[in-house]
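The residues making up each chain are set out below.
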Amino acid sequence: MTVSADSIESMEQLSVVWRAMVLDRDPAADVRDLPGIAVRWADCRFAFWNCLTLTEAGADTRLLGQRLGQAAEIMRAKGQPGFLWLFEDLLDDGARAALGAAAERAGLEYAFPGIGMAGDLLPVPEPAHPDLTFVRVTTDEHLRAYADLNSRAYGFPLEDGRDGLVGSAMWKDRVHAYLGLRDGIPVTCAGTVEADGRLFVVLVATAPEWERRGYGETVTRKALHEGARATGLTRATLHATVAGTPVYPRIGFTPNSPVHFYGLKG
């Protein structure tokens, strides 16, 4: 079996970006590269900043079971819940078929699906939407609005999102993060950040009552446009939820590996 370079890139981009995000949240966070497992765990209330991922290409059924058991053990030792991000295309055919049963044995339960995407699509034109104006995130007030949009979109308590973002220096400086405002009220958001020669799209969200109006696509284009203008990068990557899966190919992204999110059994 040959693992595609795009699938490996998708996993490596997660490892690079989340290392920076987690250390920004807590310089003493658990950031380790173990054999076969990357630990990126801030142990904060924002579950997305508590992350593990498997890193070996071509893992077979035996190795998968071993790594899932190790990942679950690490997660049990933490104070706050988080997710194992598992890139399906890094597994061999046997391991893919055995994934559900192997996760069950390790004490993990399936949370939700995603998919990695990438494309040589930059620069993109500066976007416009008749309903929206844009503001770059530069203050804690902006960060609170950004965090609240993500919490509402992903079903987290508002304080959880704020615990992950409010007070960050990185999000006010290194991340090209934008709020989309409708009548002065933040309704959508997206950010991009430079990562190992790519522009990575991070934490795109739209208020549930304003979905399906093209807001998420437009603010993502804005973050890509500004990030590319600042960095000169031409390739972009992201990890999409189900809601975003039909949106990003319209911008120029191509899907690569399905991503499976697992948490500990309750």
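Scroll up to find the structure this text is about.
Just so we're clear, the structure is a prediction, and the values are computed from it rather than from any experiment. For every chain, the first residue of the written sequence is number 1, and numbering continues from 1 onward in sequence order. This being a predicted model, a pLDDT of at least 70 is required before a residue's local features are given, and a value of 80 or more before pairs of side-chain atoms are given or counted; all residues contribute to the totals for chains, interfaces and linings. Just so you know, side-chain values use all the structure's heavy atoms and leave hydrogens and water out.

## Focus: the sheet that holds strand 4 (residues 83-87)
Note the following rule: Strands were regarded as paired on the criterion that DSSP finds at least two bridges between them. The helix count covers DSSP runs of H or I at least four residues long, the strand count covers runs of E at least two residues long, and both are numbered beginning at the N terminus. For helices, the fitted axis covers only the stretch in contact; all axes are lines through C-alpha atoms, and the angles between them, taken along N-to-C directions, range from 0 to 180 degrees.
One open sheet accounts for eleven strands, arranged 1-2-3-4-11-5-10-9-8-7-6; its pairing is mixed. The sheet is open, and its two edges are formed by strand 1 (30-34) and strand 6 (133-136), each paired on a single side. Adjacent strand axes in the sheet meet at a mean angle of 20 degrees when their direction is disregarded. Bridge count between strand 8 (residues 185-195) and strand 9 (residues 198-206): seven bridges; the pairing is antiparallel. Looking across to strand 9, one finds that A195 is bridged to R198.

## Overview of the layout of surface pockets
Rule in force here: For each structure, a 1 Å grid was placed over the protein atoms alone; sets of points admitting a 1.4 Å probe that cannot get out are labelled cavities, open sets with protein on both sides within 12 Å along at least five of seven lines are labelled pockets, and lining residues have an atom within 4 Å of a point. Grid points are joined across faces, edges and corners, and a volume is the space filled by probe spheres set on the points. Ten residue types, Ala, Val, Leu, Ile, Met, Phe, Trp, Tyr, Cys and Pro, are classed as nonpolar, four, Asp, Glu, Lys and Arg, as charged, and the remainder, Gly among them, as polar.
In this structure, the largest pocket occupies an estimated 810 Å³ of space. Only strand 5 (108-119), helix 4 (140-154), strand 9, helix 7 (215-231), strand 10 (236-241) and helix 8 (248-251) provide two or more residues apiece to the lining of the largest pocket. A total of seven residues in the lining of the largest pocket trace back to one element, the largest contributor, which is strand 9. Class assignment for the residues of the lining of the largest pocket results in 23 nonpolar, seven polar and five charged.

## Some points on the pattern of salt bridges
Heads up, the condition is: Any carboxyl oxygen of Asp or Glu that lies within 4 Å of a side-chain nitrogen of Lys or Arg is treated as forming a salt bridge with it. Each residue is assigned to one of three classes by its accessible area relative to the maximum for its type, calculated with a 1.4 Å probe on protein chains only: buried under 20%, partly exposed between the two thresholds, exposed over 50%.
Scanning the model with the defined rule gives 24 salt bridges in all. With a shortest N-O distance of 2.6 Å, K265 and E104 are connected by a salt bridge. Highlighted residues: K265 in the segment after strand 11 (254-264) and E104 in helix 3 (residues 93-106), separated in sequence by 161 residues. By relative accessible area, which is 35% here, K265 ends up partly exposed. In this structure E104 comes out as partly exposed when scored by relative accessible area, which is 48%. Between R198 and D196 there is a salt bridge, with the nearest N and O atoms lying 3.7 Å from each other. Note on D196: relative accessible area 53%, which makes it exposed. A single salt-bridge network, built from bridges that share partners, covers D6, E9, D120, D196, R198 and R235.

## Description of the pairing of strand 9
In regular strands, side chains alternate between the two faces of the sheet. Defined as follows: If you view a crossover with the strands going away from you and the path from the first strand over the helix to the second runs clockwise, you call it right-handed.
With respect to burial, strand 9 is a largely interior element, eight of its nine residues being buried. Adjacent in sequence and paired antiparallel, strand 8 and strand 9 are bridged by two residues, among which D196 carries a positive phi angle near 55 degrees. Both strand 9 and strand 10 contribute to a ladder of two bridges, which runs parallel. Residue pairing for strand 10: F200 is matched across the bridge by T237. Handedness of the crossover joining strand 9 and strand 10 through helix 7 is recorded here as right-handed.

## Here we look at helix 1 (residues 5-25)
The cut-off we apply is this: The span you would expect from a helix comes to 1.5 Å times its residue count less one.
Helix length check: helix 1, at 21 residues, gives a terminal C-alpha distance of 30 Å against a target of 30 Å (1.5 Å per residue), a fit within 8%. Among all positions of helix 1, only S7, E9, S10, M11, Q13, L14, S15, V17, W18, M21 and V22 are buried.

## Some details on the packing of helix 2 (residues 61-76) against helix 3
Packed helices, taken two at a time, are described by the angle their axes make and the gap between the axes. For clarity, the threshold we go by: Here a crossing is taken to be left-handed if its near helix is turned anticlockwise relative to the far helix by less than a right angle, and right-handed if that turn runs clockwise. Contacts are assigned to residue pairs with any non-hydrogen atoms lying within 4.5 Å of each other.
Their axes nearest at 9 Å, the elements helix 2 and helix 3 cross at an angle of 35 degrees. As helix 2 runs across helix 3, the sense of the crossing is right-handed. Facing T61, L64, L68, G69, A72 and R76 of helix 2, the residues of helix 3 in contact are G94, A95, A98, L99, A102, A103 and A106. Classifying every residue of the contact of helix 2 with helix 3 gives nine nonpolar, three polar and one charged.

So, to be careful, I would describe these as geometric facts and stop short of saying anything about function.
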